[in-house]
Amino acid sequence: MKLSHRIMHLTEGGSDGWGVFYRARELKAQGHAVTELTIGEHDVGTAPDILAEMYASARDGHTGYASVPGTDLLRDTVAARVQTRTGVPTKRHNVLITPGGQAALFAAHTAVCNPGDTGLYLDPYYATYPGTIRGVGAVAKAVQTHAQDAFQPRAEEIDKHADGAVSLLINTPNNPTGVVYTPETLGAIAETCKRRDLWLISDEVYDTQVWEGTHLSPRALPDMADRTLVIGSMSKSHAMTGSRCGWVIGPEEVIDHLINLATHTTYGVPGFIQDAASFALSAGQGPEEEVAAPFRRRREIAGRILARQNVVGLVPAHGAMYLMLDIRATGLSGEGFANTLLDTHAIAVMPGESFGKAAAGHVRVAMTIDDEKFGDSLQVLCDFAGELSRSAAAS
Ligand SMILES: Cc1ncc(COP(=O)(O)O)c(C=O)c1O
């Protein structure tokens with residue numbers, strides 16, 4: 001029996017740079033001690049008071065089908081939070097609750113891309129982006145960013161790829177680079193979207209993890225609210241990755257259609273999860289800062305370690321739970337370096353090549369283990385890079 005072209009070509013196959021990750025997992029399963037600095041999973045679980053609320057809601061009977069667009073309470077809470085943070089008037093009817101940010105990304109692209117349309121995304125990118133765009137039948141087209149620009153996108157390169165495109169997907173604070181787009185970058189992107197009539201899909205799932213400056217949502221820029229769909233999530237802000245609770249924010253007309261999509265796909269998010277999310281958001285910024293604090297601390301630890309050497313470069317990391325390290329001075333590719341580091345020191349990092357072409361010669365480090373172990377592992381990585389660069393220079 002034949003399967004659809006769309007499902008067969010969701011991912012492109014071939015080496016995708018995730019081999020190191022799978023190898024690390026396999027070594028662990030065989031009982032080897034491996035330090036994993038790979039994926040974006042907090043080293044703390046969901047807070048006990050959020051879990052208690054989840055349980056209380058379930059016990060009180062919120063275990064049946066929940067309202068498909070999201071409960072009124074959660075939609076109102078998310079709308080109020082977005083309005084407070086961005087100043088953009090936002091009501092319940094601008095919010096669709098989804099099973100995580102990933103489902104929100106899929107919904108947003110479904111809303112704006114016809115089969116065969118081009119959806120743009122920026123390289124380096126979060127691993128699911130191209131597959132998500134292909135998943136709605138659109139053509140996924142990468143626009144490169146550059147290490148020498150600290151991976152801030154160039155609006156003129158987006159413009160160059162905009163013929164036939166209907167959407168542009170951006171992510172700030174950024175996974176994998178840890179870069180936060182500057183107001184100038186976002187302003188230029190917004191102008192390009194307006195000039196080329198592109199929908200802007202703005203993935204802001206790391207909006208509570210900004211280490212310098214403040215988060216700017218491009219939906220707040222002049223005349224952007226009507227062409228921007230914002231992706232949000234409880235995953236990163238409240239360590240609720242497994243609860244699968246996120247949202248799309250957009251114009252009411254788009255949300256109306258997306259409710260229809262949700263009716264025919266997910267049929268909503270469990271009510272007890274939504275109640276827990278409403279409770280968590282109502283607690284304000286304090287708990288969000290608590291979840292973000294370890295990453296802020298570890299970024300500072302990393303800054304001190306990296307300042308003591310000159311082989312490994314640090315891409316300016318202003319947000320999110322990752323550091324992108326430039327290891328080109330070792331003479332190895334990101335993949336080569338990550339594999340050798342795993343083999344010789346049992347430390348797993350993600351090759352930059354797992355996130356596209358632009359971050360080749362880099363590795364991404366997730367700051368997701370306790371401070372002391374994190375510092376020690378980073379020191380080992382730097383010492384190892386130093387040895388490699390000395391032997392590269394000598395040969
Ligand atoms: C940039 C980015 N967007 C979206 C997601 C999806 O998050 P979730 O579906 O857990 O909300 C992730 C997860 O790591 C991410 O890094």
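Residues numbered from 1 in each chain as written. Predicted model: local features only at pLDDT ≥ 70, side-chain atom pairs only at ≥ 80, totals over all residues. Heavy atoms only, no water.

Student: Requested: an account of the overall build of the protein, with residues and values cited.
Tutor: A count of helices and strands for the protein gives 13 helices and 12 strands. Here the protein has a C-alpha radius of gyration of 21 Å; the compact-globule value for 395 residues is 21 Å, and the two agree. Considering only C-alpha atoms, the protein reaches an extent of 65 × 55 × 50 Å along its principal axes. For the protein, with 395 residues in total, the buried portion stands at 54%. The long-range fraction of contacts in the protein, counting pairs at least 24 apart against all pairs at least 6 apart in sequence, stands at 74%. Here the protein displays about 16800 Å² of accessible surface, and carbon together with sulfur accounts for 53% of that area. Both charge centroids of the protein, one from 33 positive and one from 45 negative side chains, sit 2 Å from each other. (Helix = DSSP H or I, 4+ residues; strand = E, 2+ residues; numbered from the N terminus. Rg over C-alpha atoms; globule rule 2.2 N^0.38 Å. Buried < 20%, exposed > 50% of the residue type's maximum accessible area, 1.4 Å probe, protein only. Contact = heavy atoms within 4.5 Å. Areas by Shrake-Rupley, 256 points an atom, 1.4 Å probe, with all protein chains shown as cover. Lys, Arg positive; Asp, Glu negative; His and termini not counted. Charge placed at Lys NZ, Arg CZ, Asp CG, Glu CD.)

Student: So what about the packing of aromatic side chains? Which residues, and what values?
Tutor: Taken as a whole, this structure holds 6 aromatic pairs when the rule is applied. Where Phe-21 meets Tyr-22, the ring centres are 5.3 Å apart and the plane angle is 70 degrees; that geometry is what we call edge-to-face. Under the relative-accessibility criterion, Phe-21 is labelled buried at 8%. (Phe/Tyr/Trp six-rings, centres within 6.5 Å; stacked < 30°, edge-to-face > 60°.)

Student: Lay out the domain arrangement of the protein in plain terms, naming residues and giving numbers.
Tutor: What the domain assignment lists for the protein is domain 1 (5-45 + 286-385) and domain 2 (62-284). The straight-line distance from the C-alpha centre of domain 1 to that of domain 2 is 25 Å. Carbon and sulfur atoms make up 55% of the surface buried where domain 1 meets domain 2, a total of about 3100 Å² over both sides. Where domain 1 touches domain 2, the interface holds 3 salt bridges. Note that Arg-81 is salt-bridged to Glu-288, the shortest N-O span being 3.2 Å. Where the side of domain 1 that touches domain 2 is concerned, the elements lending two or more residues are helix H11 (285-307), strand E10 (322-326) and strand E12 (362-366). Of the residues that constitute the side of domain 1 that touches domain 2, the class distribution is 17 nonpolar, 10 polar and 9 charged. (Domains from an automatic or database assignment. Buried area = accessible area lost by both parts, 1.4 Å probe. Salt bridge = Lys/Arg side-chain N within 4 Å of Asp/Glu carboxyl O. Nonpolar A, V, L, I, M, F, W, Y, C, P; charged D, E, K, R; others polar.)

Student: Talk me through unusual backbone geometry; I want residue IDs and the actual numbers.
Tutor: Omega for the bond connecting Asp-123 with Pro-124 falls within 30 degrees of zero, at 5 degrees, which places this linkage in the cis form. With respect to the helices and strands, the residue Pro-124 is situated in the loop between strand E3 (118-123) and helix H6 (129-135). Geometrically, the link from Asn-175 to Pro-176 is a cis peptide bond, its omega value of 20 degrees lying close to zero. Here Pro-176 lies in the loop between strand E5 (165-171) and helix H8 (183-195). A positive phi angle is found at Ala-150, which is not glycine, with a value near 55 degrees. Looking at the element boundaries, Ala-150 is found in the loop between strand E4 (139-144) and helix H7 (155-160). For Asp-197, which is not glycine, the phi dihedral falls at a positive 55 degrees. Position of Asp-197 among the secondary structure elements: in the loop between H8 and strand E6 (199-203). Given the relative accessible area of 54%, Asp-197 is considered exposed.

Student: Tell me about the site of the ligand, residues and numbers included.
Tutor: The environment of the ligand is made up of 14 residues, and the closest members are Gly-101, Asp-203, Tyr-206, Ser-233 and Ser-235. No other element matches the 3 residues that helix H5 (residues 100-112) contributes to the shell around the ligand. When its residues are assigned to classes, the shell around the ligand shows 4 nonpolar, 7 polar and 3 charged. (Near = heavy atom within 4 Å.)

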